[in-house]
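# Analysis of the macromolecular model
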Amino acid sequence: MTAPRLEVELERIEHNTRTLVDRLAPRGIRVCGITKATLGSPGVGAAMVRGGADGLGDSRLENLSRLAGLDESTSRTLIRAPMLSQAGQVVRIATSSLNTEPAVLEALAAGASRYRRVHDVVLMVELGDLREGIAAADVIAAAGAVVERTNLRLVGLGTNLACQNGVVPDDRNMGELTRLVEQVEAAYGIALTRVSGGNSANLDWALSTEDVGRIDELRLGESILLGTEPLHRTPIDGLSTDAFVLVAEAIEVGEKPAQPWGDRAQMAFGEPPVLRRTGTVRQAILALGRQDVDIDGLIPPAGIEVLGMSSDHLVVDLGDHDLAVGEELRFGLGYGALVRAMTSPFVTKVERERIGRVKALTVVR
Ligand SMILES: *Cc1c(COP(=O)(O)O)cnc(C)c1O
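The notes below deal with the structure included here. (Residues numbered from 1 in each chain as written. Predicted model: local features only at pLDDT ≥ 70, side-chain atom pairs only at ≥ 80, totals over all residues. Heavy atoms only, no water.)

## Side note on the site of the ligand
Filter applied, for reference: Near is defined per residue: the residue qualifies when any heavy atom it owns lies within 4 Å of the molecule or strand. Pairs of N or O atoms are called polar contacts if they sit within 3.5 Å, as long as, within protein, a hydrogen donor faces a hydrogen acceptor (for residues adjacent in sequence, only side-chain-to-side-chain pairs). Reported accessibility uses the Shrake-Rupley method at a 1.4 Å probe radius. Residues are deemed covered only where the shown protein chains occlude them. Three categories are distinguished: nonpolar for Ala, Val, Leu, Ile, Met, Phe, Trp, Tyr, Cys and Pro, charged for Asp, Glu, Lys and Arg, and polar for the others, with Gly belonging to the last.
The immediate surroundings of the ligand are formed by 13 residues, with K36, S200, R219, G221 and E222 found nearest. K36 places a side-chain nitrogen or oxygen 2.8 Å from an oxygen atom of the ligand. Contacts to the ligand include S200, whose side-chain N or O atom sits 2.5 Å from an oxygen atom. Bound to the protein, the ligand loses 94% of the 390 Å² it would expose on its own. Broken down by class, the residue content of the shell around the ligand amounts to 4 nonpolar, 4 polar and 5 charged.

## Points about the state of the cysteines
Stated precisely, the cut-off is as follows: The term disulfide is used for any two cysteine sulfur atoms that are within 2.5 Å. Relative accessibility decides the category of a residue: with a 1.4 Å probe and only protein chains considered, values under 20% of the type maximum give buried, values over 50% give exposed, and everything between is partly exposed.
Tallied over the entire structure, the rule returns 0 disulfides. With no disulfide partner, C32 has as its closest neighbouring cysteine sulfur the one in C163, 14 Å distant. The class of C163 is partly exposed, set by a relative accessible area of 46%.

## A short note on the pattern of salt bridges
Using the following cut-off: By convention in these notes, a salt bridge is any Lys or Arg side-chain nitrogen within 4 Å of a carboxyl oxygen on Asp or Glu. Secondary structure is summarised from DSSP: a helix means a run of H or I of at least four residues, a strand means a run of E of at least two, and numbering begins at the N terminus for each.
Scanning the entire structure with this criterion turns up 20 salt bridges. For D242, the salt bridge identified is with R12, shortest N-O distance 3.7 Å. Of this pair, D242 sits in the loop between β11 (234-235) and β12 (244-257) while R12 sits in helix α1 (residues 10-24), placing them 230 residues apart in sequence. The partner of D54 in a salt bridge is R30, and the shortest N-O contact between them spans 3.4 Å. With D54 in the loop between α2 (42-50) and β3 (55-58) and R30 in strand β2 (residues 30-34), the pair connects residues that are 24 residues apart, well separated along the chain. Here R30 falls in the partly exposed class, since its relative accessible area comes to 30%.

## Some remarks on the packing of helix α6 (residues 139-147) against helix α7 (residues 171-188)
Our working rule: Interaxial angle, 0 to 180 degrees, is taken between N-to-C directions of lines fitted to C-alpha atoms, where a helix line uses only the stretch in contact. Each angle receives one of four descriptions, namely roughly parallel if under 35 degrees, roughly antiparallel if over 145, roughly perpendicular if within 65 to 115, and oblique otherwise. By definition, any crossing whose near helix is turned counterclockwise from its far helix by less than a right angle is left-handed, and any crossing with a clockwise turn is right-handed. Note on contacts: a residue pair qualifies if any of its non-hydrogen atoms lie within 4.5 Å across the two residues.
For the pair α6 and α7, interaxial distance at closest approach is 10 Å and the crossing angle is 50 degrees. Comparing the axis directions of α6 and α7 gives the class oblique. Once α6 is placed against α7, the crossing between them reads as right-handed. Seen from α6, the contacting residues are V139, I140, A141, A143, G144 and V147; seen from α7, they are L180, Q183, V184, A187 and Y188. Residue composition of the contact of α6 with α7, grouped by class: 9 nonpolar, 2 polar and no charged.

## Quick word on unusual backbone geometry
Leaving glycine aside, a negative phi is the common case for residues, and trans is the common case for peptide bonds. Here A3 and P4 are connected by a cis peptide whose omega angle stands at -5 degrees. Turning to its location among the elements, P4 is positioned in the segment before β1 (5-9). Here the phi dihedral of L39 falls at roughly 55 degrees; this positive angle occurs in a residue that is not glycine. Given the relative accessible area of 7%, L39 is considered buried. For R116, which is not glycine, the phi torsion reads 50 degrees and is therefore positive.

## Examining the packing of α1 against α2
The interhelical angle for the contact between α1 and α2, taken along N-to-C directions, is 40 degrees, at an axis separation of 7 Å. Taken together, the axes of α1 and α2 are oblique relative to one another. At the point where α1 passes α2, the crossing takes the right-handed sense. Residues L10, I13, E14, T17 and R18 of α1 form the contact with α2, whose participating residues are G43, V44, A47, M48 and R50. Its residues assigned to classes, the contact of α1 with α2 comprises 5 nonpolar, 2 polar and 3 charged.

## Describing the side chain of R219
The condition is simple: None of His or the chain ends enter the tally, which takes Lys and Arg as positive and Asp and Glu as negative.
As for its placement among the helices and strands, R219 is situated in strand β9 (residues 217-220). There is no salt bridge for the buried R219, and the closest opposite charge comes from E217, which lies 5.0 Å off by N-O distance. Ignoring any residue separated from it by four or fewer positions in sequence, one finds R219 in contact with C32, I34, I79, L98, M124, T159, N160, S196, G198, N199 and S200.

## Let's talk about the pairing of β9
Our working rule: At least two bridges found by DSSP between two strands is the condition for calling them paired.
Alternating positions in β9 separate into two faces, E217 and R219 on one and L218 and L220 on the other, with burial throughout. Two elements, β2 and β9, share 4 bridges in a ladder whose sense is parallel. Each residue of the ladder has a partner; that of V31, found in β9, is L218.

## A short note on the nonpolar core
The condition that has to hold: The term nonpolar core refers to a set of buried residues drawn from Ala, Val, Leu, Ile, Met, Phe, Trp, Tyr and Cys, joined through side-chain atoms within 4.5 Å. All the domain ranges listed were derived from an automatic or database domain assignment.
Ranked by size, the top nonpolar core spans 87 residues in total, and within it I13, L123, L157, F244 and L246 carry the most contacts. Summarising the domain contributions, this core has at least three residues from each of domain 1 (10-235) and domain 2 (244-364). Setting aside residues no more than four positions away along its own chain, L123 makes contact with N99, L105, I134, A142, A143, V146, L154, G156, L157 and G158. Core analysis: the second largest hydrophobic core is formed by 7 residues, I79, L98, M124 and V155 among them.

Shown next as structure tokens:
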């Protein structure tokens, strides 16, 4: 089969989703499955829905369009604040969006009116991580501006922590979101039905706090896809961490000196590595490079060590591992490596519906 390729086990994604849905449900929290790291793969989205995700979300309209072919009843949320230039498309492709800017909300209302729709709006609140969000003091006024537009429906508030500055979700910042929800409801006599507490970084808090307050949704990507939580990048108990495997083919295998010779300066991508070993190494070159995957977050099989990577070559120390030219090695992936592999046109994506059975062979772009 063609290499490099990214193998996706949809059953594992379904299992991870179901496990998290089942753990969060007793706390009154639904799961919005986030597909952005898979470029809005409909196969992955459908697996999340089978696993009990209440809806899907993605950061890009192109990806949400790919998901539009799924069951009509599956909600599709644009989770990055819409570009003003795309507001018209947003109301057609997304059923809801996360927002902060008055000008964008005005354009969404105009677009929704043009297409005779009502677009659901979640207002994002800044609670300390300093990425998207309206200042807490301005939330009531911002909510009022949405409430008064007939083609927009204010369904809730949300926030996003951890991504920009690693701010940890806790009782304090989540409690503030709950208080703001109550204030908005009291100010306008409405009920907010979607209080979106955050991403996978919220799981620890959501599953351990005494009181989740009004938080009733988390937007989960990494935890479902990779089975890890993003605060410490540790595996989550009971989840599969190998739903994605990157397979690469060996193009040269042999014994080489552990130490290079000749004067040394910079390499293709920065400073030369410190070479600790002497003697020789059993080295393999795989047809895989930085155009295919991020070297950080590429997890080699046990006993094999990554020595370096340039645009098109991955060099590994095979240790005691047997490998011949033309044979393949299988790598695990961290989040950055997954995103790069997914977006590389050189990496073939293979989705399996049932483990061991190929459902679809898709080459993206
Ligand atoms: C990416 C993203 C998510 C999902 O984050 P994970 O850590 O992958 O769960 C949720 N919300 C927003 C706004 C995002 O950008």
